[in-house]
Amino acid sequence: MPKGTNQKLKLIYLIKIMLERTDDNHGITMPEILKALEVYDVSAERKSIYDDFEAIRELGIDIIKETQGKNHLYHVASRQFEIAELKLLVDAIQSSKFITEKKSHELIKKLESFASNYEAKQLQRQVYVSGRIKAMNESIYYNVDEIHAAIASNKKLKFQYCQWNMKKELEPKKDGQFYIVSPWALCWDDENYYMIGHDAEEDRIKHYRVDKMLKSACMDIPREGRDKFNEADMVGYTQRRFGMFDGEEETVKLLFENRLIGVVLDRFGKDIIIAPADESHFTIRVKVAVSNQFFGWIFGLGEGVKILEPETVAKKMQEQVRRVFDQYQ
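One structure accompanies this document, and this report is about it. Remember, predicted model here, so these are calculated numbers, not experimental data.

Here's the deal with the packing of aromatic side chains
Step number 1: For the structure shown, the criterion picks out 14 aromatic pairs.
Step number 2: Summarising the aromatic geometry, the rings of Y161 and Y179 are spaced 5.7 Å apart at their centres and angled 65° between planes, so their arrangement reads as edge-to-face. Taken as a pair, Y161 in strand β4 (residues 155-164) and Y179 in strand β6 (residues 179-189) lie far apart in primary sequence, 18 residues in all.
Step number 3: Exposure remark for Y161: the relative accessible area of 12% places this residue in the buried category.
Step number 4: For Y179, a relative accessible area of 12% corresponds to the buried category.
Step number 5: Ring geometry for Y179 and Y208: centres 6.2 Å apart, planes at 80°, overall edge-to-face.

Listed below in structure tokens is the structure:
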């Protein structure tokens, strides 16, 4: 049999054929394998394919032979990702507010390469999340890369921080002046990605939404604020902030109806100390950033929750309720 022009690539094309055309539910016969190789201008004999299968197995790709009637079918038995795992990753990408529509399609297309052609069709899933708005800033991936680079090299990061205007455009704050921050971590909260860093001017830990950062660049200046970051307790940091909005941190005592225990555990975690108040209520003490978002969370729970202490925070809640009431008079 004359050799094809791509004989040197025979093993690569054989792997490509097996990965794309076979899985646990779909096999391919030896004649079909030989015909598929001919498309790539590769000629082969049965015996050489058996030897190639052994080489492929040594590479970690398990090729299984099964008999169906008079036919012998060959297929890839195990892959780097199970189809259920790929579906989970696709769902996470589709439902993520942080990932733009364009990048979602690109990532899912790449995930399809880990599945057979048959399984890849199952990854064309539509996951609908109520009220989801995908991020619109494509530079977000560059920002993440720069943040990781700054953290790894122990350097400060400079960037412009933006806000949306009425033209639906991102415009830099402070007239385009660059922020200079020591980045220490990346944090995911409420479907948004945040950089946690130390602001040297204010000497405190602050957070910045990654999708609102522009022109980020690693600087040749050592980071500062390690002690402040270590003191911050990142798990508690995100729990204390509602929607990651800043505010003066205070320890508050809250009274809840027993039916809201799940809400409290979802918000503050299982380590929170629960103190029974009576047969129908319990109290907790938590440190929170007192902000409009915190009051909005309290308001949303209606009569099931009440701020007991400190009195100053309770009065601020009264003022918020009165302000909203007056607005609708």
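Observations regarding the pairing of strand β10 (residues 248-257)
Step number 1: Bridge count between β10 and strand β12 (residues 281-290): 10 bridges; the pairing is antiparallel. Each residue of the ladder has a partner; that of T251, found in β12, is K287.
Step number 2: One ladder, built from four bridges, connects β10 with strand β13 (residues 305-309); its direction is antiparallel. Residue L255 lies in a different strand from β13, and its bridge partner there is K306.

Digging into the sheet that holds β10
Step number 1: In spatial order, the strands read β11-β12-β10-β13; together these four strands make up an open sheet with antiparallel pairing. Of all the strands in the sheet, just β11 (275-276) and β13 have a single pairing partner and so form its edges.

Focus on unusual backbone geometry
Leaving glycine out, the prevailing phi sign among residues is negative, and the prevailing peptide bond configuration is trans.
Step number 1: Residue P310 is bonded to the preceding E309 through a cis peptide linkage, with omega at -10°.
Step number 2: For P310, the position within the fold is in the loop between β13 and α12 (311-327).
Step number 3: Notably, N154 is not glycine yet its phi reads approximately 60°, a positive angle.
Step number 4: Summarising the element assignment, N154 is placed in the loop between α7 (140-152) and β4.

A few points about the environment of L157
Step number 1: Note that L157 resides in strand β4.
Step number 2: Separated by 65 residues in the primary sequence, L157 and P222 place their C-alpha atoms 9.7 Å from one another.

With respect to the pairing of β12
Along any regular strand the residues' side chains alternate between the sheet's two faces.
Step number 1: In terms of burial, β12 is largely enclosed, as seven of its 10 residues are buried.
Step number 2: Two elements, β11 and β12, share two bridges in a ladder whose sense is antiparallel. When the bridges of β12 are listed, P276 appears paired with F282.
Step number 3: As consecutive antiparallel partners, β11 and β12 are separated by four residues.

Observations concerning the sheet that holds strand β3 (residues 71-76)
Step number 1: Read across the open sheet, the three strands follow the order β1-β3-β2; overall the sheet is antiparallel. Two strands bound the open sheet, and with one partner strand each, they are β1 (28-29) and β2 (63-68).

Here we look at the pattern of salt bridges
Step number 1: Tallied over the entire structure, the rule returns 18 salt bridges.
Step number 2: The residue K109 makes a salt bridge to E112 at a minimum N-O spacing of 3.5 Å. Taken together, the residues span about one helical turn, with K109 and E112 both in helix α5 (residues 101-112) at a distance of three residues.
Step number 3: As a salt-bridge pair, R209 and D211 come within 2.8 Å of each other at their nearest N and O atoms.
Step number 4: Taking the relative accessible area as the measure of exposure, R209 reaches 18% and is therefore buried.
Step number 5: Among the residues examined, D211 registers a relative accessible area of 9% and is labelled buried.
Step number 6: Within the structure, one salt-bridge network assembled from shared partners comprises D199, E202, R204 and K206.

Regarding the environment of E20
Step number 1: With respect to the helices and strands, E20 occurs in helix α1 (residues 10-21).
Step number 2: For E20, a relative accessible area of 28% gives the class partly exposed.
Step number 3: Sequence separation of E20 and S113 is 93 residues, and the distance between their C-alpha atoms is 8.1 Å.
Step number 4: Beyond its immediate stretch of four places on either side in the chain, E20 contacts S116 and N117.
Step number 5: A distance of 2.7 Å separates a polar atom in the side chain of E20 from a polar atom in the side chain of K16.

What counts, and at which threshold
Residues numbered from 1 in each chain as written. Predicted model: local features only at pLDDT ≥ 70, side-chain atom pairs only at ≥ 80, totals over all residues. Heavy atoms only, no water. Phe/Tyr/Trp six-rings, centres within 6.5 Å; stacked < 30°, edge-to-face > 60°. Helix = DSSP H or I, 4+ residues; strand = E, 2+ residues; numbered from the N terminus. Buried < 20%, exposed > 50% of the residue type's maximum accessible area, 1.4 Å probe, protein only. Pairing = 2+ DSSP bridges. Salt bridge = Lys/Arg side-chain N within 4 Å of Asp/Glu carboxyl O. Contact = heavy atoms within 4.5 Å. Polar contact = N/O pair within 3.5 Å; in protein donor to acceptor, adjacent residues only side chain to side chain.

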